[in-house]
Amino acid sequence: HGDVTHVLVNTTPLFFMGFFVALRGPRLFFKITFTVWILAGICVWSMARPAVHIGASGLVFGYFGFIVAVAVTERNIVDLGVASLTIFYYGGLLFGILPVEGFVSWESHLFGLIAGVLAAKWHGKDWAGTQKRDRKSTRLNSSHVVISYAVFCLKKKTLPPYTHHQHMILYI
């Protein structure tokens, strides 16, 4: 990263979107991260303009592309909710794929977004298979617990005292 501001600008969306990608399980999280990181990196290295390309923006845009692409292809309520939240908070970052400022690596943004969409296409079915297996078992998956907890908190308009719901969130 170029400076502390650059680190801070990337950290919040990286954790926010990374959290939702990670809810799909550690194995898929690492597959998605590795796919975006390598594919976007190779594309930037081989096709971007000669400049210094630093930071985690490619991964941020990759997670964004993955979350939205999965919601479009899977069309289930949890994925659509997560994608809606992501677009609401970070939809403006799509302007980052335009070559507006010379010191911004718009190529990393663009190739990260494309890599995230491709990762959803290649690995999205891994999640669908897991969901079908989990529906047959009595175990809740972590995304349902998080969404249920969020709805519970919104209805109460406050954080509840320590309950089994919080314990389940902390367990994840």
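Right above here is the structure, for reference.
An account of the accompanying structure is given in this report. The structure presented is a predicted model; accordingly, all values stated were derived computationally and were not measured.

## With respect to the pattern of salt bridges
- With the rule as written, the count across this model stands at one salt bridge.
- Among the ionic pairs, D79 bridges to R24, the shortest N-O distance being 2.6 Å. Taken together, the residues span a long stretch of sequence, with D79 in helix α4 (residues 77–90) and R24 in the loop between α1 (4–22) and α2 (26–47) at a distance of 55 residues. Each member of the pair, D79 together with R24, is buried.

## Observations concerning the packing of aromatic side chains
- One pass over the structure, following the stated rule, counts eight aromatic pairs.
- On the numbers, 5.3 Å between centres and 75 degrees between planes, the contact of F16 with F20 is edge-to-face. On the criterion of helical spacing, the pair formed by F16 and F20 is a turn pair, its members being four residues apart in helix α1.
- In this structure F16 comes out as partly exposed when scored by relative accessible area, which is 22%.
- On the basis of relative accessible area, F20 is assigned to the buried category, the value being 13%.
- Between F34 and W37, the aromatic rings sit 6.3 Å apart at their centres with planes inclined by 65 degrees, giving edge-to-face as the arrangement. With F34 and W37 both in helix α2 and three residues apart, the pair spans about one turn of that helix. The pair F34 / W37 is uniform in exposure class, with both members exposed.
- Ring pairs connect the aromatic residues F16, F19, F20, F88, Y89 and Y90, which therefore count as one cluster.

Basis of the calculations
- Residues numbered from 1 in each chain as written.
- Predicted model: local features only at pLDDT ≥ 70, side-chain atom pairs only at ≥ 80, totals over all residues.
- Heavy atoms only, no water.
- Salt bridge = Lys/Arg side-chain N within 4 Å of Asp/Glu carboxyl O.
- Helix = DSSP H or I, 4+ residues; strand = E, 2+ residues; numbered from the N terminus.
- Buried < 20%, exposed > 50% of the residue type's maximum accessible area, 1.4 Å probe, protein only.
- Phe/Tyr/Trp six-rings, centres within 6.5 Å; stacked < 30°, edge-to-face > 60°.

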